[in-house]
Amino acid sequence: MSIIESMRLNGKRIFVTGGARGIGKSVATAFAEAGADVAIVDVDIAEAQKTAQEIADKTGQKTIAVQTDVTNPEQVDAMVETVVSELGGLEAAFCNAGICINTPADEMTFEQWKKVIDINLSGVFLTATAAGKYMLAHGGGSIINTASMSGHIVNVPQPQCAYNASKAGVIMLTKSLAVEWAKKGVRVNCISPGYIGTELISNAPHLVPLIEQWNAMAPMGRLGKPEELQSICVYLAGDTSSFTTGSDIVVDGAFTCF
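Residues numbered from 1 in each chain as written. Predicted model: local features only at pLDDT ≥ 70, side-chain atom pairs only at ≥ 80, totals over all residues. Heavy atoms only, no water.

## So, the side chain of Thr198
In step 1: With respect to the element layout, Thr198 can be found in the loop between strand 6 (186-193) and helix 7 (199-202).
In step 2: Leave out the neighbours within four places in its chain, and Thr198 touches Gly22, Ile23 and Pro226. (Helix = DSSP H or I, 4+ residues; strand = E, 2+ residues; numbered from the N terminus. Contact = heavy atoms within 4.5 Å.)

Structure follows, in structure tokens:
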């Protein structure tokens, strides 16, 4: 078997949280193109259903939509049960759902702080451990978490202390789970994207001045593209990454190199 053939995801069943749009949608599409059946997990069920149908039409793979609030343990457990029931199993999970609130720390309310931490960090804990429990009992699997270069640096000029703290937490959570499960067949890694030009960012007029500043600071002088995260996630979800666990893979166009 060639290396290209061995990197396919034929027979894999994968869920993607925050899968209705942006990075989640792009990576879910790549998983399906590589041969996996995919569950689009999102709190916005209408958009999740639309994305699932688009991916199914494009790839011919079984693709379902599951409405889930990743901060709700009961909903997360029910989501995994639904994925296993409808897709027939679970070999990989992309725990990607997240939000950012740009508010100065001295003006941020506890409710704002808690919302970011609940979704970005606790949501990853809940979805990763729910997937991990199933995988531990069924022969192993791969979990990919979305961290951020913001777990390594303090972004400027926008104030986002809660986001930065949550993403730093995702990196250490990833490493902790990887060590706990290393001998049990479940691998856990994370990606740390830089600024990615999703539709929500690129089409937001109030962000144009920020984008100009980010690009001026970036060695490559541009935002990343969602599709530039696809191949690394396909690699991490598949069997060719069998010795890769506990890794935080930074994909930021060298933004954090200085």
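## Considering helix 8 (residues 208-217)
In step 1: Taken residue by residue, helix 8 has Leu210, Ile211 and Trp214 as its buried positions. The buried residues of helix 8 occupy an angular sector of 100 degrees when the element is viewed end-on, so they sit on one face. Exposed residues lying more than 90 degrees from the buried face of helix 8 are Glu212 and Ala216.
In step 2: Those residues of helix 8 hidden inside the fold are in contact with helix 7. (Buried < 20%, exposed > 50% of the residue type's maximum accessible area, 1.4 Å probe, protein only. Arc of directions from axis to C-beta.)

## Details of the nonpolar core
In step 1: Residues Phe15, Met79, Val80, Val83, Leu90 and Ile143 are the most contacted members of the largest nonpolar core, which totals 32 residues.
In step 2: Those elements giving two or more residues to this core turn out to be strand 2 (37-42), strand 3 (63-67), helix 4 (73-87), strand 4 (92-95), helix 5 (110-137), helix 6 (161-181) and strand 6.
In step 3: When residues of this core are assigned to their parent elements, the largest contribution, seven residues, is made by helix 5.
In step 4: Contacts of Leu90, omitting those with residues within four sequence positions, involve Arg13, Ile14, Phe15, Val80, Val83, Val84, Ala131, Tyr134 and Met135.
In step 5: Of all hydrophobic cores here, the second largest spans 28 residues; its members include Ala34, Ala52, Ile196 and Leu236. (Core = buried A, V, L, I, M, F, W, Y, C linked by side-chain atoms within 4.5 Å.)

## A closer look at the state of the cysteines
In step 1: Considering all chains together, one arrives at zero disulfides under this definition.
In step 2: Free cysteine Cys100: the closest other cysteine sulfur is in Cys161, separated by 9.9 Å.
In step 3: Overall, Cys100 belongs to the partly exposed group, its relative accessible area being 35%.
In step 4: Taking relative accessible area as the criterion, Cys161 reaches 30% and is therefore assigned partly exposed. (Disulfide = S-S within 2.5 Å.)

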